[in-house]
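# Results of the structural survey
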Amino acid sequence: MSRGIFLVFEGIDASGKSTHARRVAQLHDALFTFEPGDTPLGVDLRRWLLDASTPMKPETESLMMLADRSHHVATVIEPTLRSGRDVVSDRFFASSLAYQGYGRGVDLADLEAATDLAIGTCLPDLTVLIDIDLDTANERRARDEKDRFESADLDFHARVRQGYLDLARRYGDNWFVVDGSKSEEEVAAVIDERLSSLAWSNA
Ligand code: TYD
């Protein structure tokens, strides 16, 4: 049995990545999963990670994200891919580089080294980056209680967005950047066109 394909959706908060990740997973009968928090251990890690009332050093935050990812790869992503089923993940290692690296200023080379430790050889076949500008993101974001990341200042989100665009340039072929400011239907059409050439297990 051949290995499943591994697709990742990335983007800043309110980019629409979760909507499209779920939709694409359903369309191709792939396993939908997300970070942080889609394992029993991850549920606890996510609670602490998003709790804005518990101050945390950026390095601590990074290591907890990586702990979540390491366990996620070992117990969910890798076994599913090995069973021949495709996986669609809402966020993966690029979130750590964009948020903790570009956003919080943690050394990128250190984060990349720790990422190797966390994910081994489990790399995405394709990362879809849904890019939106900050004004669009702010308009879309609900005005209710904010988690640790949502309550960060505007500059933080600007750095995260720029970080993602830099990563897309650096990683090149394995990334697909979509303009997420268009309507949901228009964004879906652009994504689906790009994904139609992938070797889905359930074609
Ligand atoms: P998520 O559940 O995807 O929230 P949203 O749908 O609002 O984007 O992610 C929760 C937060 O965790 C989000 O603000 C981004 C942050 N995050 C990091 O900072 N680093 C990481 O490595 C990951 C996976 C998420």
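What comes next is a walk through the structure.

## As for the layout of surface pockets
- Its boundaries defined by the atoms lining it, the largest pocket holds a volume of some 560 Å³.
- Lining the largest pocket are 28 residues, with Asp-13, Lys-17, Arg-46, Arg-91 and Tyr-99 sitting closest to its centre.
- Only α1 (17-27), β2 (31-34), α2 (40-50), α3 (58-82) and α4 (93-103) provide two or more residues apiece to the lining of the largest pocket.
- The leading source of residues in the lining of the largest pocket is α4, at four residues.
- Per-class residue counts for the lining of the largest pocket are eleven nonpolar, six polar and eleven charged.

## Structural notes on unusual backbone geometry
- Cis geometry marks the peptide bond from Glu-35 to Pro-36; its omega dihedral reads -5°.
- The phi dihedral of Ala-14 is positive, around 75°, even though this residue is not glycine.
- Summarising the element assignment, Ala-14 is placed in the loop between β1 (6-10) and α1.
- Here the phi dihedral of Asp-29 falls at roughly 50°; this positive angle occurs in a residue that is not glycine.
- Within the secondary structure, Asp-29 sits in the loop between α1 and β2.

## Remarks on the site of the ligand
- The environment of the ligand is made up of 16 residues, and the closest members are Arg-46, Arg-69, Arg-91, Ser-96 and Gln-100.
- Between Lys-17 and the ligand, the recorded distance is 3.1 Å, taken from a side-chain N or O atom to an oxygen atom.
- Here the ligand is seated within the largest pocket.
- Those elements that provide at least two residues to the shell around the ligand are α1, α2, α3 and α4.
- With four residues, α4 is the single largest residue contributor to the shell around the ligand.
- Taken together, the residues that form the shell around the ligand break down as five nonpolar, four polar and seven charged.

## Section: the packing of α2 against α3
- Viewed as axis vectors pointing N to C, α2 and α3 meet at an angle of 160°, and their least axial separation amounts to 10 Å. If you check the angle between α2 and α3, you find them roughly antiparallel. In the packing of α2 onto α3, the handedness of the crossing is left-handed. In contact with Leu-41, Gly-42, Leu-45, Trp-48 and Leu-49 of α2, α3 contributes Glu-61, Met-64, Met-65, Ala-67, Asp-68 and His-71.

## A closer look at the nonpolar core
- Membership of the largest hydrophobic core comes to 37 residues, with the highest contact counts inside it found for Phe-6, Ile-12, Ile-77, Phe-92, Tyr-99 and Tyr-164.
- Of all the secondary structure elements, the ones that give two or more residues to this core are β1, α2, α3, α4, α5 (108-119), α6 (134-140) and α7 (154-171).
- With residues near it in sequence (within four places) discarded, Tyr-164 still touches Glu-10, Gly-11, Ile-12, Arg-91, Ala-94, Ser-95, Ala-98, Tyr-99, Leu-129 and Trp-175.
- With 18 residues, the next largest nonpolar core counts Phe-32, Val-178, Ile-191 and Trp-200 among its residues.

## Section: the pairing of strand β3 (residues 87-90)
- On β3, burial covers both faces: Val-87 and Ser-89 on one face and Val-88 and Asp-90 on the other are all buried.
- As paired strands, β1 and β3 are joined by four bridges and run parallel to one another. Within β3, the position partnered with Leu-7 by the bridge is Val-88.
- Alignment of β2 against β3, held across four bridges, turns out to be parallel. Bridge pairing in β3 links Thr-33 to Ser-89.

The rules behind each value
Residues numbered from 1 in each chain as written. Predicted model: local features only at pLDDT ≥ 70, side-chain atom pairs only at ≥ 80, totals over all residues. Heavy atoms only, no water. 1 Å grid on protein atoms, 1.4 Å probe; cavity = no way out; pocket = protein on both sides within 12 Å on 5 of 7 lines; lining within 4 Å. Points joined across faces, edges and corners; volume = space filled by probe spheres on them. Helix = DSSP H or I, 4+ residues; strand = E, 2+ residues; numbered from the N terminus. Nonpolar A, V, L, I, M, F, W, Y, C, P; charged D, E, K, R; others polar. Near = heavy atom within 4 Å. Polar contact = N/O pair within 3.5 Å; in protein donor to acceptor, adjacent residues only side chain to side chain. Sits in = over half its atoms within 2 Å of the grid points. Axes fitted to C-alpha atoms, helices over the stretch in contact; angles between N-to-C directions. Parallel < 35°, antiparallel > 145°, perpendicular 65-115°, else oblique. Left-handed = near helix turned anticlockwise from the far one by under 90°. Contact = heavy atoms within 4.5 Å. Core = buried A, V, L, I, M, F, W, Y, C linked by side-chain atoms within 4.5 Å. Buried < 20%, exposed > 50% of the residue type's maximum accessible area, 1.4 Å probe, protein only. Pairing = 2+ DSSP bridges.

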